[in-house]
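Here is how the chains run, residue by residue.
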Amino acid sequence: MSELRWHPLLREWVAVATHRQDRPQMPQDWCPFDPGSGRVPDDYDVYLYRNDFPAFSDEAAPFEPETGLFRTTGARGSTDVVLYSPNHNLLPSQLTVEQWEKVIGLWVRRTNELFADPEIQYVAVFENTGVAIGVTMPHPHGQIYGFPFIPPLAERELASAYEYHVENRRCLYCEILARETEDGRRLVASNDAFVAFLPFFGRFPTEMQICSRRHFQKLADMTASEAHDLASMLSIVRQKYDNLYDFPMSLMMMVRQPPARGDHPYFHFHIDFLPIQRSPKKIKYLAGVESGTGTFLNDTRAEEQAAILRRTDPK
Ligand SMILES: [Zn+2]
Ligand SMILES: [Zn+2]
């Protein structure tokens, strides 16, 4: 059973989901995501799987936004697993562009469904990959969470984008993209519709952003040709990451969209990659400074890492 508890010092919700502790270590020779397991169709390309151990659930009590000391409310929402492929041992970097297009198609369909649900305020499409991140399941997959509130980092970024737009009559992301393109030192790859670069201000080692050249807000706003270019860019970026240190990069991928409710024309679609490998042998831990103060120490310089990634295959 899940509940949300209000953190009055940080003014944010904490999801308490103790049943997640009981998640089994999977037997080596069985995977619920494999065709033939009885848990997924015997024949699929990509598949949306209901999380067996949800932090948010449509069976939880309704969310009530009132806050206060010792306040709790229901963790109403959804948590889905997105299976990228029926092939258990395939790495995300080994997915074809066509397969990424199918994954993106599933992201769009599920986002649209959740945006239509009045109880959902925010949809997070993301992926955790790698043992170092704590992922016990090698099968290639990502996740989609439907939140009953706007999570704090999304809210903070939205406020920044809104204020920049009010003050400058210009999109914050378009401005960053223009300046990164003009400077060039932190660019990694680009195509007709998307640019991948290591942001000047990245917090994680070799942190990367894929930003759309055209100003639009959400996955569903993409044209077919933009979706194809995004699939191609995802394929290139994932290969570069896995070739950087010659082993699969442990990372988080976050697809950034505006909240489900209201109009947010100042928001600009992008995807953030947050790796935790700071060198071939060293993991970046979120320790006292990062977790306890919120200030990040980045052990890599975006300019140097971008130059290496530009030379890394696929060139
Ligand atoms: Zn599997
Ligand atoms: Zn923009």
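Above this note sits the structure.
What comes next concerns the included structure.

1. Focus on the environment of R278
For step 1, the next point in the chain: Examined against the element boundaries, R278 turns out to sit in strand 13 (residues 277-279).
For step 2, the next point in the chain: Residues R278 and Y266 lie twelve residues apart in sequence; the distance between their C-alpha atoms is 33 Å.
For step 3, the next point in the chain: In contact with R278, other than residues within four places in its own chain, are P205, Y245, I283, K284, D299 and T300.

2. Thoughts on the coordination of the zinc ion (ligand 1)
Metal coordination angles have textbook ideals: 109.5 degrees for a tetrahedral set of four donors and 90 or 180 degrees for an octahedral set of six.
For step 1, the next point in the chain: Bound to the zinc ion (ligand 1) are the protein donor atoms C31 (SG), D34 (OD), H88 (ND1) and H139 (ND1), situated 1.9 to 2.2 Å from the metal.
For step 2, the next point in the chain: Geometry at the zinc ion (ligand 1) is tetrahedral, judged from the four donor atoms that bind it and their angles of 92 to 120 degrees at the metal.
For step 3, the next point in the chain: Of note, the zinc ion (ligand 1) draws all its donor residues from one chain, in the sequence arrangement C-x2-D-x53-H-x50-H. With C31 in the loop between strand 2 (12-17) and strand 3 (47-50) and H88 in the loop between strand 5 (78-83) and helix 1 (97-115), the pair connects residues that are 57 residues apart, well separated along the chain.

3. Some points on the pairing of strand 8 (residues 187-190)
For step 1, the next point in the chain: For strand 8 and strand 9 (residues 194-197), the ladder comprises three bridges, and the chain directions are antiparallel. Counterpart to S190 in the pairing with strand 9 is V195.
For step 2, the next point in the chain: In sequence, strand 8 turns back onto strand 9 through a hairpin of three residues.

4. Observations concerning the packing of helix 2 (residues 152-168) against helix 3 (residues 172-183)
For step 1, the next point in the chain: Following both chains from N to C, one finds helix 2 and helix 3 inclined at 85 degrees, their axes separated by 8 Å at the closest point. Regarding the angle of helix 2 to helix 3, the classification is roughly perpendicular. For the pair formed by helix 2 and helix 3, the contact residues are E157, S160, A161 and Y164 on the first element and L172, Y173 and E175 on the second.
For step 2, the next point in the chain: Taken together, the residues of the contact of helix 2 with helix 3 sort by class into four nonpolar, one polar and two charged.

5. Things to note about the coordination of the zinc ion (ligand 2)
For step 1, the next point in the chain: Here the zinc ion (ligand 2) is held by the protein donor atoms C171 (SG), C174 (SG), H215 (ND1) and H268 (ND1), which lie 2.0 to 2.3 Å from it.
For step 2, the next point in the chain: Taken together, the four donor atoms coordinating the zinc ion (ligand 2) span angles of 105 to 119 degrees at the metal, a pattern that classifies the geometry as tetrahedral.
For step 3, the next point in the chain: Mapped onto the sequence, the residues coordinating the zinc ion (ligand 2) show the spacing C-x2-C-x40-H-x52-H. A residue pair is termed long-range when its members are at least 10 positions apart, and C174 in helix 3 and H268 in the loop between strand 11 (251-256) and strand 12 (270-275) qualify at 94 residues.
For step 4, the next point in the chain: Given the relative accessible area of 0%, H268 is considered buried.

Each value, and the rule that gives it
Residues numbered from 1 in each chain as written. Chains lettered and ligands numbered in written order. Predicted model: local features only at pLDDT ≥ 70, side-chain atom pairs only at ≥ 80, totals over all residues. Heavy atoms only, no water. Helix = DSSP H or I, 4+ residues; strand = E, 2+ residues; numbered from the N terminus. Contact = heavy atoms within 4.5 Å. Donors = N, O, S within 2.8 Å, 3.2 Å for Na, K, Ca; no water. Tetrahedral: all angles 85-135°; square planar, octahedral: opposite > 155°, others 65-115°. Pairing = 2+ DSSP bridges. Axes fitted to C-alpha atoms, helices over the stretch in contact; angles between N-to-C directions. Parallel < 35°, antiparallel > 145°, perpendicular 65-115°, else oblique. Nonpolar A, V, L, I, M, F, W, Y, C, P; charged D, E, K, R; others polar. Buried < 20%, exposed > 50% of the residue type's maximum accessible area, 1.4 Å probe, protein only.

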